[in-house]
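Commentary on secondary and tertiary structure
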There are 2 protein chains.
Amino acid sequence: MTPPRPLRADAARNRALLLAAAADEFAEHGVEASVADIARRAGVGKGTVFRHFPTKDDLIAAIVLDRVEALGRLGERLLSAKDPGAALLEFLTEAAHQRQQRDLSFLQESGDALPAVVEARTRMFATIHALVDRAREHGALRDDVTGTDVILLMCAPNHVTGYVPDASPDLWQRYLAIIFDGLRPEGAHALPQPPPAL
Amino acid sequence: MTPPRPLRADAARNRALLLAAAADEFAEHGVEASVADIARRAGVGKGTVFRHFPTKDDLIAAIVLDRVEALGRLGERLLSAKDPGAALLEFLTEAAHQRQQRDLSFLQESGDALPAVVEARTRMFATIHALVDRAREHGALRDDVTGTDVILLMCAPNHVTGYVPDASPDLWQRYLAIIFDGLRPEGAHALPQPPPAL
DNA sequence: CGATAAGCGGACCGGGCGGTCAACTTGTTA
DNA sequence: TAACAAGTTGACCGCCCGGTCCGCTTATCG
């Protein structure tokens, strides 16, 4: 098919520099960080960015793909943990701990760019559903909560802390704990709306 | 001081049209909706927008001010409700029910534009703190949760449902219910981080 | 009415964005 | 080391945005 020649040494280095710089820049300014700023941060010219990633969306997709795949692998590993409730909490903790995201929204926004992203996301979603089902059957989760609910609530802790100007970098843990308490069976009140589909 | 002459009839009408169009446009496309689109939607020229609101931020601020003041009034009314827990839930419900916002983020973002916004927001925040204190003392809220926590979590239901493409317009109720369950004293687990200040 | 100023509109401006390109530099390979 | 392809670069392009401005329209009031 396509025997993909290895990258030249400098090109490979620049590509790595760019991915790191882009991740930092997106973390600081959100997705609207400019390509020029990313290039400057990486110490390369703007043209180099577009040589490695045809469009800005491709650059975003590359980062998102990396994150989603890592989370997906973690989730699959946690599927065989002893305590399903703790496993789900650990998954959510690790998901939020990727502090590099203002929030995970670009996961949705420019995901359709690369089919690989869509596929990885689908896999990760399926894993989350499995984690949630296990936790629910184990009695660690309320009965009326679905995997989709957890997926949606996943990014809330990060989003919420974004409003605090000089927040501690670990503040999200507080809100993850509150939300997770809301997912527990103890003291749960009936939910007023049916769960959505994705 | 400044005897503010009443607006001309057409000007007053256009101003109202603009506010409505802007609210709709912001609801659909977020704060990044363009002024030109807002003007088109209102059926006026772009110059008219800037005649009524010197900058785009002033337009946003006008809408935000209106919302915040309404919420503040509601909160003060609810301060004398019989059931403090139900009162807080009703406040949060009404806050989220202003479906017109993608999320309430511009409440933070361009709030400093008008001092009136800052003042109204401060008042509303104080009212929320009072509502929360009352609910906590009444045993409807866990001990370790503060007014600031509630303020931060307030917009999470709206934000979360933003990820669902064809969500029911009432879906936010589901996530408000989950989060509110997390704020209840029953089955609460200790929080890992101290509350932030605002 | 008719005069006046308040209000209106849209061409226009400067700036920043994503993306292109052709001239130049450099890693690689025989 | 010579020669070539791979990679780099920053000036440049078109686009869209917020905001300005001035000639025109129209509500208001004596």
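Residues take numbers from 1 onward in each chain, read along the sequence in its written order. To read the labels, note that chains go from A and ligands from 1, taken in the order they are written. Two thresholds apply to this predicted model, a pLDDT of at least 70 for residue-level local features and 80 or more for giving and counting side-chain atom pairs, whereas whole-chain, interface and lining totals are computed over all residues. Side-chain numbers here rest on the full set of heavy atoms in the structure, without hydrogens or water.

Labelled according to an unreviewed UniProt entry, chain A appears under the name TetR/AcrR family transcriptional regulator, originating from Catenulispora subtropica.

A separate point is the UniProt feature "domain: HTH tetR-type" (unreviewed entry) in chain A. UniProt positions are given in the numbering used here, feature names are shortened, and annotations may be inferred rather than shown by experiment. Following the UniProt record, the feature "domain: HTH tetR-type" (unreviewed entry) maps to residues 12-71 of chain A here. Note that residues 12-71 of chain A is 82% helix and 0% strand, and that its end C-alpha atoms are spaced 25 Å apart. The secondary structure listing takes helices from DSSP runs of H or I that are at least 4 residues long and strands from runs of E that are at least 2 residues long, numbered from the N terminus.

Moving on: the domain arrangement of chain A. All names here are of chain A. Per the annotation, domain bounds derive from an automatic or database assignment of domains. According to the domain assignment, chain A consists of domain 1 (8-54) and domain 2 (55-183). The C-alpha centroid of domain 2 is placed 25 Å from the C-alpha centroid of domain 1. With 18 residues of domain 1 in contact, the opposing surface of domain 2 contributes 12 residues. Defined in terms of a 1.4 Å probe, buried area is the accessible area two parts forfeit on being brought together, summed over both. On the domain 1 side of the contact with domain 2, Phe 26, Val 31 and Phe 53 bury the most area, a combined 38% of that side's loss. When a carboxyl oxygen of Asp or Glu is within 4 Å of a side-chain nitrogen of Lys or Arg, the pair counts as a salt bridge. Counting across the interface, domain 1 meets domain 2 through zero salt bridges. Whenever a nitrogen or oxygen atom comes within 3.5 Å of another N or O atom, the pair is scored as a polar contact, on the condition that within protein one atom can donate a hydrogen and the other can accept it, and that pairs from neighbouring residues in sequence are kept only if both atoms are in side chains. Applying the counting criterion to the domain 1 and domain 2 interface returns three residue pairs in polar contact (both at pLDDT 80 or more). Elements with a minimum of two residues in the side of domain 1 that touches domain 2: α1 (9-29), α2 (35-42) and α3 (46-52). The element that contributes the greatest number of residues to the side of domain 1 that touches domain 2 is α1, accounting for eight residues. Considered class by class, the residues forming the side of domain 1 that touches domain 2 number 13 nonpolar, two polar and three charged. Between two residues, a contact is recorded if the distance between any of their heavy atoms is within 4.5 Å. Residues are grouped as follows: nonpolar covers Ala, Val, Leu, Ile, Met, Phe, Trp, Tyr, Cys and Pro; charged covers Asp, Glu, Lys and Arg; every other residue, Gly included, is treated as polar.

Proximity is defined per residue: any heavy atom of the residue falling within 4 Å of a molecule or strand makes that residue near it. With respect to spatial proximity, 23 residues lie near DNA strand C, and among them Lys 46 and Lys 56 of chain A together with Arg 8, Asn 14 and Gly 47 of chain B are the closest. Counting only the atoms of DNA strand C that lie within 4 Å of the protein, the sugar and phosphate share comes to 65%. Backbone polar atom of Val 35 of chain A to a phosphate oxygen of DNA strand C: 2.9 Å apart, as the coordinates give it. At 3.2 Å, a side-chain N or O of His 52 of chain B approaches a phosphate oxygen of DNA strand C. The set of elements that each furnish at least two residues to the surface near DNA strand C consists of α1 and α3 of chain A together with α1 (9-29) and α3 (46-52) of chain B.

In this structure the tally under the stated criterion is 20 salt bridges over all chains. A salt bridge links Arg 142 of chain A to Asp 144 of chain A; the shortest N-O distance between them is 2.9 Å. With a closest N to O distance of 3.2 Å, Arg 136 of chain B and Asp 133 of chain B form a salt bridge. Here Asp 133 of chain B and Arg 136 of chain B lie together in helix α7 (residues 115-137), a separation of three residues that amounts to about one turn. Only protein chains enter the area calculation, which uses a 1.4 Å probe; residues under 20% of their type maximum are buried, those over 50% are exposed, and those in between are partly exposed. A residue is classified by how much of its surface remains accessible, and Asp 133 of chain B, at 30% relative accessible area, is partly exposed. Ionic contacts of the salt-bridge type, sharing partners, join the residues Arg 142 and Asp 144 of chain A together with Asp 181 and Arg 184 of chain B into one network.

Quick look at the protein's contact with DNA strand D now. Around DNA strand D, the surrounding shell holds 23 residues, and the nearest of these are Arg 5, Arg 8 and Asn 14 of chain A together with Lys 46 and Lys 56 of chain B. Backbone sugar and phosphate groups make up 66% of those atoms of DNA strand D lying within 4 Å of the protein. Between Val 35 of chain B and DNA strand D, the recorded distance is 2.9 Å, taken from a backbone N or O atom to a phosphate oxygen. Only α1 and α3 of chain A together with α1 and α3 of chain B provide two or more residues apiece to the surface near DNA strand D. In terms of residue count, the dominant contributor to the surface near DNA strand D is α3 of chain A (five residues). A class-by-class count of the residues in the surface near DNA strand D yields seven nonpolar, seven polar and nine charged.

With respect to the element layout, Gln 98 of chain A can be found in the loop between α5 (84-97) and α6 (106-109). Discounting chain neighbours no more than four positions away, the residues touching Gln 98 of chain A are Arg 67 and Leu 71 of chain A.

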